[in-house]
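Descriptive structure summary
Here is how the chains run, residue by residue.
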Amino acid sequence: VIDDGDHHATPLVLHFELLAKFVTPGSVYLIQDTRLDRTCLAQRELRQRPWAYCADILGSKGGPARAVRYLQCESSSYKRLQFSIDYSLEKWVYSQHPGGYLRRAPVQ
């Protein structure tokens, strides 16, 4: 599953909760654009004019990276289906989706 539907945490968590069961063991659920949290923070810190939605990502709505952190800590589907971040898929120095590759454990 490639989830590029929204850049706010709550809808991304909902998407995962609804779709995670369709990810076959050993396959990946990708939450795209997790770099936005970091990019928006850097723009604010450097006093550059941020994108319009950065206020939401840095505020109460959160962004894709916050959704991943929530899933790791709070999601019963994430734990029950044995998902974990697969950093081996981040082969380049820069990724649009750092920490967003969620691999379901293979059948043992």
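Check the entry above for the structure.
Below: a short report on this structure. Values in this document were obtained by computation on a predicted structure and should not be read as measured data.

Moving on: the state of the cysteines. Counted according to the given criterion, the structure contains one disulfide. A sulfur-sulfur separation of 2.1 Å characterises the disulfide bridge that pairs cysteine 40 with cysteine 54. Residues cysteine 40 and cysteine 54 are joined by a disulfide whose S-S torsion is about -70°; by sign, that bridge is left-handed. Taken together, the positions of cysteine 40 in helix H2 (residues 35-45) and cysteine 54 in helix H3 (residues 54-58) put the pair 14 residues apart, joining distant regions of the chain. Taking relative accessible area as the criterion, cysteine 54 reaches 1% and is therefore assigned buried.

With that settled, the discussion passes to the sheet that holds strand S4 (residues 101-104). Within the open sheet, the four strands sit side by side as S1-S2-S4-S3. Their pairing is mixed. Lying at the two open borders of the sheet, with one neighbouring strand each, are strand S1 (2-3) and strand S3 (83-85). Across two bridges, the pairing between S1 and strand S2 (residues 28-31) is parallel. Directly across from aspartate 3, in S2, lies its bridge partner isoleucine 31. Lying on the sheet, helix H4 (residues 64-74) is in contact with S2, S3 and S4; it crosses S2 at an angle near 140°.

For the rest of this paragraph, the subject is H4. Those residues of H4 that fall on the buried side of the exposure criterion are Pro64, Ala65, Ala67, Val68 and Leu71. For H4, the arc enclosing every buried residue in end-on projection is 160°, short of the 170-degree limit, so these residues lie on one face. Projecting away from the buried face of H4 at angles above 90 degrees are the exposed residues Cys73 and Glu74. Looking at the buried residues of H4, the elements they touch are helix H1 (9-19), S2, H2, helix H5 (76-80), S3 and S4.

Right, let's get into the pattern of salt bridges. Applying the stated criterion across every chain yields a total of three salt bridges. Close ionic contact of arginine 44 with glutamate 45 constitutes a salt bridge, the shortest N to O distance being 3.8 Å. Residue arginine 44 is classed as partly exposed on the basis of its relative accessible area, which comes to 47%.

A word on unusual backbone geometry. Despite not being glycine, aspartate 33 shows a phi value in the positive range, around 65°. Summarising the element assignment, aspartate 33 is placed in the loop between S2 and H2. With a phi angle near 55°, glutamine 82 is a residue other than glycine that sits in the positive phi range. With respect to the helices and strands, glutamine 82 occurs in the loop between H5 and S3. For glutamine 82, a relative accessible area of 52% translates into the label exposed.

The rules behind each value
Residues numbered from 1 in each chain as written. Predicted model: local features only at pLDDT ≥ 70, side-chain atom pairs only at ≥ 80, totals over all residues. Heavy atoms only, no water. Disulfide = S-S within 2.5 Å. Helix = DSSP H or I, 4+ residues; strand = E, 2+ residues; numbered from the N terminus. Buried < 20%, exposed > 50% of the residue type's maximum accessible area, 1.4 Å probe, protein only. Pairing = 2+ DSSP bridges. Contact = heavy atoms within 4.5 Å. Axes fitted to C-alpha atoms, helices over the stretch in contact; angles between N-to-C directions. Arc of directions from axis to C-beta. Salt bridge = Lys/Arg side-chain N within 4 Å of Asp/Glu carboxyl O.

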